[in-house]
Amino acid sequence: MIRLSPPLRVAVLGAGGLGQAAMRVLAPKEEMKLVAVADSRGFAMDPEGLDTETILDLCAKRASVGTAPGVGQLVDDPLGAILERSEAIDGIFLALPNLPNEFIPQTVERFARGGFRGVMVDALKRTAAVELMFELDPLLRQAQITYIVGAGATPGLLTAAANLAAQSYQTVESVEIYFGVGISNWEAYRATIREDIAHLPGFDVEKARKMTDEEIEAELERRNGILELVNMEHADDVILERAGVVDRDRVTVGGIVDTRSPKKPVSTTMRLTGVTFEGKRSTHTFTLGDETSMAANVCGPVFGYMKAGWWLRSLGAYGVLSSANVMPQFVR
Ligand code: NAD
């Protein structure tokens, strides 16, 4: 069994819905500890470990993590401040909004050029954004960063499940991902909802980025809080193609997001159809438990992939890998 000792020193960049959930997921872990967190106004850092409750209390009050007593600072460039102190960080989870598409890839490039050495994981969703990440492979190899792209739920957990399911078949015909997400209010996951709106007919990334919060609310109101997403530009396609599982045009992703109730409107499934070596056509289905939240299904895999990335580093593997290339490792 692979055990991380001493614990991996983790930074969470972004303290919104996913960032806060990530901190909660980390809190009871023995193999990882939270040493740094940033939001758009400031950062908090303690190489010995931050007190998660203090940070989460500030988030609940909508105060910046930079106001955390003794460990926080309000600064103009919180990501730059974390980078300057990154010698005390082993693993980074990028829980930042990705609007425009280039934002997270550019942030990663900045960390690579700025001298960070460690593991990085993201929960990127868009195909175009993940393709930009793959382009950074030579730079990240050179910088000795081990990066796992698309390490959330979809892409992430469900993409990995598709790769696993594919192994029963000689040829893979299709991968269909359909997700159900229930959240009690959109404000808890602003970037997620804004990015989902960008997938709706008549919208794009640029348009969604420019919408005011009031416009987002009005759009949600028009749809009774429900976003129905079909044929999304979702990176499960490029990730599975690059992993050699199936051509990207055979992968479809859609789902329903209810922004007014934590109950999932529909179960989340990954269905892979293929033909076995005996010529039998069949479908493997992977269904997430309805009680599991989006946050649990994103942040669990994120740290599982971070642990796997750390192990790969110890073997000298650097560069950009995806959630379908690597099996996540359970974090104790
Ligand atoms: P959010 O809007 O709730 O929070 C974003 C956080 O980032 C805030 O704390 C904000 O202050 C901070 N931030 C913004 N700009 C910053 C900057 N320049 N420097 C430092 N901090 C900055 O976002 P969210 O809903 O938690 O979503 C985060 C990301 O996770 C989104 O890109 C979303 O698409 C992605 N996501 C992925 C999956 C998946 O399964 N792959 C699922 C859900 C969400």
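Here, every reference points to the structure presented above.
The model shown is predicted, which means the values in this text are computed figures rather than measured ones. (Residues numbered from 1 in each chain as written. Predicted model: local features only at pLDDT ≥ 70, side-chain atom pairs only at ≥ 80, totals over all residues. Heavy atoms only, no water.)

Enquirer: In this structure, what is going on with unusual backbone geometry? I would like to understand it.
Expert: Backbone phi values are negative for most residues with the exception of glycine, while trans is the configuration of most peptide bonds. Residue P6 is reached from S5 by a cis peptide bond, and omega for that bond is 0°. Inspection of the secondary structure assignment puts P6 in the segment before β1 (8-13). Geometrically, the link from L99 to P100 is a cis peptide bond, its omega value of 0° lying close to zero. Relative to the assigned elements, P100 resides in the loop between β5 (91-94) and α4 (103-113). In this structure, Q144 takes a positive phi of about 60° despite not being glycine. Mapped onto the elements of the fold, Q144 is located in the loop between α6 (137-143) and β7 (146-149). The partly exposed category is assigned to Q144, whose relative accessible area is 36%. (Helix = DSSP H or I, 4+ residues; strand = E, 2+ residues; numbered from the N terminus. Buried < 20%, exposed > 50% of the residue type's maximum accessible area, 1.4 Å probe, protein only.)

Enquirer: Just to check I follow, could you spell out the sheet that holds strand β3 (residues 42-45) for this structure?
Expert: Note: strands within a sheet are paired through backbone hydrogen bonds, in either parallel or antiparallel orientation. Judged by pairing direction, the sheet is mixed, and its eight strands sit side by side in the order β4-β3-β2-β1-β5-β6-β7-β13 without closing on themselves. Where the open sheet ends on each side, the last strands, each with one partner, are β4 (72-74) and β13 (319-322). Between one strand axis and the next, the sheet turns by 20° as a mean value, whatever way the strands run. Both strand β2 (residues 32-38) and β3 contribute to a ladder of three bridges, which runs antiparallel. Bridge pairing in β3 places A38 opposite F43. Across the sheet, α4 is in contact with β1, β5, β6 (119-122) and β7; its angle to β5 comes to roughly 160°. (Pairing = 2+ DSSP bridges. Axes fitted to C-alpha atoms, helices over the stretch in contact; angles between N-to-C directions. Contact = heavy atoms within 4.5 Å.)

Enquirer: Where do I start with the site of the ligand in this structure?
Expert: What surrounds the ligand is a group of 27 residues, the closest being A15, G17, L18, T192 and E195. At 3.0 Å from an oxygen atom of the ligand is found a main-chain nitrogen or oxygen belonging to A191. Between E195 and the ligand, the recorded distance is 2.5 Å, taken from a side-chain N or O atom to an oxygen atom. About the coverage of the ligand: the protein hides 87% of its 880 Å² of free accessible area. Mapped by element, the contributors of at least two residues to the shell around the ligand are α1 (17-26), α8 (190-197) and α12 (294-314). Top element by residues in the shell around the ligand is α8. It accounts for four residues. Each residue belonging to the shell around the ligand can be placed in one class, and the counts come to 16 nonpolar, seven polar and four charged. (Near = heavy atom within 4 Å. Polar contact = N/O pair within 3.5 Å; in protein donor to acceptor, adjacent residues only side chain to side chain. Areas by Shrake-Rupley, 256 points an atom, 1.4 Å probe, with all protein chains shown as cover. Nonpolar A, V, L, I, M, F, W, Y, C, P; charged D, E, K, R; others polar.)

Enquirer: Just checking my understanding: could you explain the sheet that holds strand β8 (residues 171-182) for this structure?
Expert: Spatially, the five strands line up as an open sheet ordered β9-β10-β8-β11-β12, and their pairing is mixed. The sheet is open, and its two borders are formed by β9 (226-229) and β12 (281-287), each paired with just one other strand. Across the sheet, the axes of successive neighbouring strands diverge by a mean angle of 10°, strand direction being ignored. Here β8 pairs with strand β10 (residues 251-258) via eight bridges, running parallel. Within β10, the residue paired with I177 across the bridge is V253.

Enquirer: Just checking my understanding: could you explain the nonpolar core for this structure?
Expert: Buried together is how nonpolar side chains tend to be arranged in soluble globular proteins. Of all hydrophobic cores here, the largest spans 113 residues; its most connected members are L13, L140, Y147, V175 and F303. If you tally residues by element for this core, the top one is α12, at ten residues. Those residues within four positions of Y147 in sequence are excluded, and the remaining contacts are L94, I104, V108, M120, D122, M133, L140, G319, V320 and L321. (Core = buried A, V, L, I, M, F, W, Y, C linked by side-chain atoms within 4.5 Å.)

Enquirer: Even after reading the chapter, I still don't get the pairing of β2, so can you show me in this structure?
Expert: Side-chain direction in a regular strand flips from residue to residue, so the side chains alternate between the two faces of the sheet. In terms of burial, β2 is largely enclosed, as six of its seven residues are buried. As paired elements, β1 and β2 share six bridges and run parallel to each other. Looking at β2, one finds that R9 is bridged to K33. A loop of three residues connects β2 with β3, the two strands running antiparallel in sequence.

Enquirer: Sorry, what's going on with the packing of α1 against helix α2 (residues 52-60) here?
Expert: One can describe the packing of α1 onto α2 by two numbers: an axis separation of 10 Å at closest approach and a directional angle of 160°. Taken together, α1 and α2 sit at an angle that is classed as roughly antiparallel. For α1 against α2, the interelement crossing comes out left-handed. Residues Q20, M23 and R24 of α1 touch α2, and the partners they reach there are T52, I55, L56 and C59. (Parallel < 35°, antiparallel > 145°, perpendicular 65-115°, else oblique. Left-handed = near helix turned anticlockwise from the far one by under 90°.)

Enquirer: I'm lost on the pattern of salt bridges in this one. Help?
Expert: Enumeration according to the criterion identifies 22 salt bridges in this entry. Between E84 and R85 there is a salt bridge; the shortest N-O distance is 3.7 Å. On the basis of relative accessible area, R85 is assigned to the partly exposed category, the value being 30%. K125 is paired through a salt bridge with D196; the nearest N and O atoms lie 3.4 Å apart. Here D196 lies in helix α8 and K125 lies in the loop between β6 and α5 (127-135), a separation of 71 residues in the sequence. Each member of the pair, K125 together with D196, is buried. (Salt bridge = Lys/Arg side-chain N within 4 Å of Asp/Glu carboxyl O.)

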